[in-house]
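One-letter residues, chain by chain:
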Amino acid sequence: MKSEEQYFNEAESIQSYMENMSQLKDKSYSVYESFTLPDQELAHTLREKSFHLLVITEDWCGDAMMINPIIRQVAEAANIDMRVVLRDSETELIDRHLTNGSRSIPIILILNQDGEVVGKWGPRSPKAQALVDEYAAALPDQDDPEFQAAQKDMIKALTRRFTNDELLWHDVYESFQQTVQQSIQDTQSR
């Protein structure tokens, strides 16, 4: 069984991944080009701890379309490596990092300089999760003839929000920052 560090060493860089996206590329780059780090604190912490990031993702995922470019900005500011593994081709890895029994993505693994997983973040920030829950609650039952059309409308609306809502972007940043800080505390208490 491969370790997370082995997956990391074999993985594609976030830059290459985004350049080669076949879906949601323009929207993902729009977030990347529009998001501005609120401060350098998180980048400094990641650099100081010599962390590196492994993202389990897919380019069709609307959550990843928003989240990956934000975390990429953080990684670039920290001058640390961020690499990507595709969930559907590496199911053994995602199955180690399920969310409530589901293969939800993106999952960002925080690895220390020895390649050990010291933290995990994803698949959504709290505000993004609340928004998805709100939209999903308004959907008709799955057996309703209107369900598929309503679900498509929901995905379009969420994609629009994920592409343009700076409050959601900052929630991703802050939530990831909390996970990094908790990872450091957990590591120090071992």
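Residues numbered from 1 in each chain as written. Predicted model: local features only at pLDDT ≥ 70, side-chain atom pairs only at ≥ 80, totals over all residues. Heavy atoms only, no water.

A. Examining the overall build of the chain more closely. A tally of helices and strands in the chain yields nine helices and five strands. Starting at the N terminus, the α and β elements of the chain follow one another as α-β-α-α-α-β-α-β-α-β-β-α-α-α. For 190 residues, the compact-globule estimate of 2.2 N^0.38 gives 16 Å, and the C-alpha radius of gyration of the chain, at 17 Å, lies within 12% of that figure. With the C-alpha coordinates aligned to their principal axes, the bounding extent of the chain is approximately 55 × 40 × 35 Å. A total of 190 residues make up the chain; the buried ones form 47% of that total. Sequence separation of at least 24 residues holds for 76% of the intrachain contacts in the chain that already meet a minimum separation of 6. Accessible surface for the chain amounts to roughly 9700 Å². Of this, 42% is attributable to carbon and sulfur atoms. (Helix = DSSP H or I, 4+ residues; strand = E, 2+ residues; numbered from the N terminus. Rg over C-alpha atoms; globule rule 2.2 N^0.38 Å. Buried < 20%, exposed > 50% of the residue type's maximum accessible area, 1.4 Å probe, protein only. Contact = heavy atoms within 4.5 Å. Areas by Shrake-Rupley, 256 points an atom, 1.4 Å probe, with all protein chains shown as cover.)

B. Fine view of helix α8 (residues 147-164). Between its first and last C-alpha, α8 extends 26 Å over 18 residues, near the 26 Å set by a 1.5 Å rise per residue. Buried within α8 we find Phe147, Met154, Ala157, Leu158, Thr159, Phe162 and Thr163. The elements touched by buried residues of α8 are α3 (25-34), α5 (62-78), α7 (126-137) and α9 (166-188). (Expected span 1.5 Å × (residues − 1).)

C. Layout of the packing of α7 against α9. Between α7 and α9, the least distance of the axes is 7 Å, while the angle of their chain directions is 130 degrees. For the element pair α7 / α9, the angle class is oblique. Seen from α7, the contacting residues are Pro126, Lys127, Ala128 and Leu131; seen from α9, they are Leu168, Asp171 and Ser175. (Axes fitted to C-alpha atoms, helices over the stretch in contact; angles between N-to-C directions. Parallel < 35°, antiparallel > 145°, perpendicular 65-115°, else oblique.)

D. Molecular detail of the nonpolar core. Residues Leu46, Leu53, Met66, Ile71, Phe162 and Phe176 are the most contacted members of the largest nonpolar core, which totals 45 residues. Top contributing element to this core by residue count: α5, with eight residues. With 14 residues, the next largest nonpolar core counts Tyr7, Cys61, Ala64 and Val85 among its residues. (Core = buried A, V, L, I, M, F, W, Y, C linked by side-chain atoms within 4.5 Å.)

E. Quick look at unusual backbone geometry. Of the consecutive residues Ile105 and Pro106, the connecting peptide bond is found in the cis state with omega at 0 degrees. Note on placement: Pro106 falls in the loop between α6 (91-95) and β4 (107-111). Cis geometry is adopted by the peptide bond preceding Pro123, which originates at Gly122 and carries an omega value of 5 degrees. Secondary-structure assignment places Pro123 in the loop between β5 (117-121) and α7. The phi angle at Ser50 is positive, at roughly 60 degrees, despite the residue not being glycine. On the secondary structure map, Ser50 appears in the loop between α4 (41-49) and β2 (52-57). Within the chain, Asn100 stands out as a residue other than glycine whose phi angle is a positive 50 degrees. With respect to the helices, strands and loops of the structure, Asn100 is situated in the loop between α6 and β4.

F. Summary view of the sheet that holds strand β1 (residues 12-13). Reading across the sheet, the five strands line up as β1-β3-β2-β4-β5 and stay open at both edges, with mixed pairing between neighbours. Two strands lie at the open edges of the sheet, namely β1 and β5, each paired on one side alone. With four bridges connecting them, β4 and β5 associate as antiparallel partners. Bridging from a neighbouring strand, Leu109 pairs with Lys120 of β5. Against the sheet, α5 contacts β2, β3 (82-86), β4 and β5, and its axis sits at roughly 170 degrees relative to β2. Together, β2, β4 and β5 form the strand contacts of α9, whose direction differs from that of β5 by roughly 155 degrees. (Pairing = 2+ DSSP bridges.)

The values reported here are purely geometric and, on their own, carry no functional implication.
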